[in-house]
Amino acid sequence: IYRAGSGPVNFALINVRSLANKTFILNDFISSHNIDFLFLTETWLRVGDLSSFIELCPPNYSFFNSPRLNGHGGGLAVFFREHFSCSFITVGTTPSFEVLMFSINCQIPVCCIVVYRPPKPSTSFLSEFSDFMSSVVLKYDKILLTGDFNIHVDHFTAVSQEFLTMCDSFNLVQHVSSPTREAGHTLDLVFTAGLSVNSLSLKEEFISDHKIVLCDIALRVSAPSSKHIVHSRIFQKNSIEQFSSVFNKNTSRLSLCIDVNVLVDHFNILCSSTLDSIAPFRIRSRHSSTPTPRINEDVRQLKRECRRVERRWKKTRLQVHLLCLKELLATYNQLDKNNSRFLFKTIDHLVNPAPSSACDSSAEKCEMFFAYFVEKIQDISSNMESSNLVSLPLVPSPTHLNEFTTISLEDLYSVVSHMRLSSCELDILPSKFFKEVLHVIASCLLKIVNSSLSSGIVPKCFKQTSIQPLLKKPGLDPSLPQDYRPISKLPLVSKILEKVAAGQLMDIVEGCDILYVLPLGHIIRQFNIISYCYADDTQLYMSFKPDSFANVDTLHCCLLVINSWMSSNYPQLNPGKTEVLVFGPEPRNLGVIFDSNLNFDQHVTKLVQSCFLQLRNIAKMSSYLPKTVISQIHAFISSCLDYCNSLFSCLAASATSRLQMVQNAAARLLTHTKRREHITPVLASLHWLPVHFQIQFKIL
């Protein structure tokens with residue numbers, strides 16, 4: 001675990017096979033190897049046997065233990081440095097295995113689990129262990145699972161494969177790949193979820209017939225928030241009146257401008273100088289903090305009003321002020337309660353916080369992005385210029401757009417009112433202030449828009465944009481420019497002009513049914529290929545015998561013609577996202593993973609992982625939300641289990657049990673049912689069919 005000024009934590013796992021006569025050896029082992037966490041299985045100590053733990057425990061260390069209750073073997077313990085803040089977690093009875101669980105308290109808590117499973121056969125272990133892990137993964141993002149499972153994971157058996165598949169469904173990664181017992185077989189295992197393992201090794205110390213598993217685990221604790229300098233304008237209540245007064249005194253120069261570029265330049269200069277006179281930039285420092293999506297301007301205003309009325313009531317103690325305060329608090333509590341879009345956005349922000357930007361704004365980085373995207377655009381242009389034109393029947397157009405028509409002041413107000421006003425670094429006026437002073441600058445904006453429409457010229461400054469590169473998805477290399485998606489931010493006035501021009505163009509396009517899918521469908525039909533369109537994706541279907549390749553050549557020719565037509569008509573076919581799906585190992589179609597045996601094991605694993613991720617996010621917010629909202633959120637899980645489940649009619653019992661495990665976890669989370677209580681009455685009370693009945697119901 002990385003902390004300020006320290007290295008990674010060193011962790012060791014030992015099947016000690018009786019701790020009573022090995023305390024001094026283990027004490028020396030902890031000191032000589034600088035062990036931070038020592039996990040022990042098979043201590044063979046019963047309740048009240050604490051002398052061995054006291055002898056083993058070095059200075060500045062502490063320990064947790066779970067003694068064996070009966071029979072031979074068993075007993076678990078963990079020793080850790082005291083400067084790690086650890087909390088013991090009580091676990092209910094698990095008849096088929098022993099478990100010790102605690103959490104390392106840091107910014108994102110780490111759940112550590114030590115397990116010992118007796119070597120005797122147990123038919124209930126997999127079901128009991130899956131129920132136990134179902135409750136754990138709902139609470140923790142980072143999990144360390146270790147211990148002696150007495151399952152030969154190095155041999156391909158039904159039990160070992162079902163156990164590893166179940167762990168994979170919980171997004172647990174197993175790191176031990178060599179035999180951990182002197183006689184052979186890999187029994188002592190280390191699983192992690194959400195953690196990075198730096199190194200793992202096995203060491204023979206002859207403490208028992210099991211080797212010692214040594215491992216380093218990285219978990220960085222965030223540094224305290226730092227101050228940074230910001231430049232901002234401070235607007236007052238009378239800023240709108242001051243802006244209107246100063247701006248109207250200097251608009252005479254704009255009326256003399258004829259060229260649209262000169263007009264826009266004078267408008268920007270006038271707005272900038274007016275702002276500098278009424279709200280100049282101020283330099284101040286502030287702590288960096290995580291934004292709270294629920295606190296918008298309406299919420300802040302209501303909170304200020306609540307505090308104002310509360311102060312008045314404390315001063316006067318009048319009943320009328322108390323009633324007013326209660327009414328405001330009730331309004332505050334009900335604010336945005338029925339706004340589902342706002343609710344889901346807030347929850348997603350809280351349970352999936354946006355990662356810190358991995359892209360710095362240095363000059364070298366900007367030049368690298370600039371060179372990459374310029375080269376990419378040049379490649380696209382060269383492909384268009386070198387392509388051969390494909391002749392297709394033209395769609396007759398009864399209407400032609402020879403010129404844009406100017407708009408009225410009412411049209412301008414309508415366009416701005418329907419726009420989502422977002423800010424950009426190139427904006428002279430902040431978007432919120434822009435909306436407040438729109439009645440002041442509307443006539444100048446109208447002249448700029450109409451001058452551009454009538455002349456057919458887009459002002460030069462409207463072609464400038466601010467580029468914000470964002471990683472396409474988590475886990476990509478932040479040093480590679482191709483892993484980023486460039487987000488273009490245009491000035492607000494430029495977007496108004498774009499909106500007006502797009503509206504007039506769409507009227508022509510919709511009236512003439514001019515769509516790119518019409519000539520595309522004509523090309524596909526020429527080759528007698530079946531096609532289906534899903535949103536902006538097009539799929540082509542062909543069937544042929546394994547020894548016939550004529551249809552493959554036909555498909556290849558069809559794709560070449562489509563690519564040539566797109567290049568000559570300016571749409572761009574992305575070769576990196578154009579795939580040929582052959583039913584071999586693990587093809588994916590419409591979100592379903594097919595395998596060569598059509599047993600859907602890989603798809604079920606990914607589905608269970610995704611469902612538990614969503615359930616864990618819901619569990620984080622369950623205590624803050626009413627039950628009605630939580631039941632609506634559970635619709636996500638139900639829809640995931642129901643999606644294409646007619647394909648699961650021939651699933652193996654082990655795969656169906658993993659899907660049932662998800663439904664059971666969702667039902668327990670919704671009803672706050674404990675893990676040891678029977679699930680069948682809970683599903684009946686929710687009117688939920690078990691998974692195998694849902695599959696049968698779908699295909700009836």
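Quick caveat, the model's predicted, so the values are computed rather than measured.

Participant: Which parts of the structure should I look at to understand the overall build of the protein?
Facilitator: If you tally the helices and strands in the protein, you get 23 helices and 20 strands. Taking all 700 residues of the protein together, 40% fall into the buried category. Sequence-distant contacts in the protein: of pairs separated by 6 or more residues, those separated by 24 or more amount to 66%. Split by element, the accessible area of the protein, about 40500 Å² in all, is 56% carbon and sulfur.

Participant: Looking at this structure, how should I read the sheet that holds strand 12 (residues 212-218)?
Facilitator: What links the strands of a sheet is backbone hydrogen bonding, and the strands pair in either a parallel or an antiparallel sense. The sheet built from six strands is open, its strands ordered 3-4-2-1-12-11 with mixed pairing. Edge strands, defined here as strands with exactly one partner in the open sheet, are strand 3 (61-66) and strand 11 (196-203). The mean angle between the axes of side-by-side strands here comes to 15 degrees, regardless of whether they run parallel or antiparallel. Bridge count between strand 3 and strand 4 (residues 76-81): six bridges; the pairing is antiparallel. Paired with Asn65 across the strands is Ala77, a residue of strand 4. Packed on one face of the sheet, helix 1 (residues 23-33) meets strand 1 (9-15), strand 2 (37-41), strand 3, strand 11 and strand 12 and runs near 155 degrees to strand 1.

Participant: I would appreciate a short explanation of helix 7 (residues 260-278) in the present structure.
Facilitator: Count 3.6 residues to each turn of an α-helix, and residues three or four apart come out pointing the same way. In this model, helix 7 (19 residues) spans 27 Å end to end at C-alpha, consistent with the 27 Å of a helix rising 1.5 Å per residue. Within helix 7, the full set of buried residues consists of Val260, Asn261, Leu263, Val264, Phe267, Leu270, Cys271, Thr274, Leu275 and Ile278. For helix 7, the N-terminal capping position is held by Asp259, with its side-chain oxygen 3.0 Å away from the main-chain nitrogen of Asn261.

Participant: I would appreciate a short explanation of the pattern of salt bridges in the present structure.
Facilitator: Side-chain pairs of opposite charge can arise whenever the charged atoms involved come near each other. Enumeration according to the criterion identifies 11 salt bridges in this entry. For the salt bridge of Arg616 with Asp141, the shortest nitrogen-to-oxygen distance reads 2.7 Å. Here Arg616 is found in helix 18 (residues 601-621), whereas its partner Asp141 is found in the loop between helix 3 (125-137) and strand 8 (142-148), with 475 residues between them in sequence. Notably, a salt bridge pairs Glu305 with Arg308, separated by 2.2 Å at the nearest N-O pair. Of the two residues, Glu305 and Arg308 both sit in helix 8 (residues 297-316), three residues apart, roughly one turn of that helix. Residue class for Arg308 comes out partly exposed when judged on its relative accessible area of 34%.

Participant: So what exactly am I meant to see when it comes to the confidence of the model for the protein here?
Facilitator: Do not read the predicted coordinates in detail wherever pLDDT is low. Chain-level statistics for the protein give a pLDDT mean of 82 and a share of 84% at 70 or above. Across the protein, strand 2 holds the top mean pLDDT of 95, while helix 10 (residues 340-351) sits lowest at 58. This stretch, residues 1-6, has a pLDDT under 50; its non-local contacts, to residues over four places away or in other chains, come to 17 contacts.

Participant: I'm lost on a positive patch on the surface in this one. Help?
Facilitator: Judged by side-chain charge, Arg300, Lys303, Arg307 and Arg311 come together as a positively charged surface patch. Considering the arrangement of structural elements, one finds Arg307 in helix 8.

Participant: Please clarify how unusual backbone geometry should be interpreted in this entry.
Facilitator: In most cases, non-glycine residues show a negative phi, while peptide bonds are predominantly trans. Positive phi is not limited to glycine here, since Ser18 has a value of about 85 degrees. Turning to its location among the elements, Ser18 is positioned in the loop between strand 1 and helix 1. Even without glycine at this site, His672 takes up a positive phi of about 60 degrees. Looking at the element boundaries, His672 is found in the loop between helix 21 (653-671) and helix 22 (680-686).

Participant: So what exactly am I meant to see when it comes to the packing of aromatic side chains here?
Facilitator: Note on aromatic pairs: each is described by the distance of the centres and the angle between the planes. According to the stated counting rule, one finds 33 aromatic pairs in the structure shown. Relative to Phe63, the ring of Phe53 lies with its centre 5.3 Å away and its plane at 15 degrees, an arrangement referred to as stacked. Linking Phe53 in helix 2 (residues 51-56) with Phe63 in strand 3, this pair joins segments that are 10 residues apart in sequence. Using a relative accessible area of 23% as the deciding quantity, one classes Phe63 as partly exposed. An aromatic cluster of at least three residues, connected via ring pairs, comprises Phe11, Phe37, Phe39, Phe64, Phe80, Phe84, Phe88 and Phe102. Sitting above the plane of the Phe125 ring, Arg117 keeps its charged end 5.2 Å from the centroid. The ring of Trp313 has Arg317 lying over it, and the distance from NZ or CZ to the ring centre is 4.4 Å.

Participant: I tried to follow the environment of Ile54 on my own but got confused; where do I start?
Facilitator: Examined against the element boundaries, Ile54 turns out to sit in helix 2. In this structure, the C-alpha to C-alpha distance between Ile54 and Thr23, residues 31 residues apart in sequence, is 8.8 Å.

Conventions used here
Residues numbered from 1 in each chain as written. Predicted model: local features only at pLDDT ≥ 70, side-chain atom pairs only at ≥ 80, totals over all residues. Heavy atoms only, no water. Helix = DSSP H or I, 4+ residues; strand = E, 2+ residues; numbered from the N terminus. Buried < 20%, exposed > 50% of the residue type's maximum accessible area, 1.4 Å probe, protein only. Contact = heavy atoms within 4.5 Å. Areas by Shrake-Rupley, 256 points an atom, 1.4 Å probe, with all protein chains shown as cover. Pairing = 2+ DSSP bridges. Axes fitted to C-alpha atoms, helices over the stretch in contact; angles between N-to-C directions. Expected span 1.5 Å × (residues − 1). Polar contact = N/O pair within 3.5 Å; in protein donor to acceptor, adjacent residues only side chain to side chain. Salt bridge = Lys/Arg side-chain N within 4 Å of Asp/Glu carboxyl O. pLDDT = per-residue confidence, 0-100. Patch = residues over 30% accessible without salt bridge, like charges linked within 9 Å, V, L, I, M, F, W, Y side chains within 5 Å. Lys, Arg positive; Asp, Glu negative; His and termini not counted. Charge placed at Lys NZ, Arg CZ, Asp CG, Glu CD. Phe/Tyr/Trp six-rings, centres within 6.5 Å; stacked < 30°, edge-to-face > 60°. Lys NZ or Arg CZ within 6 Å of the ring centre and 35° of its normal.

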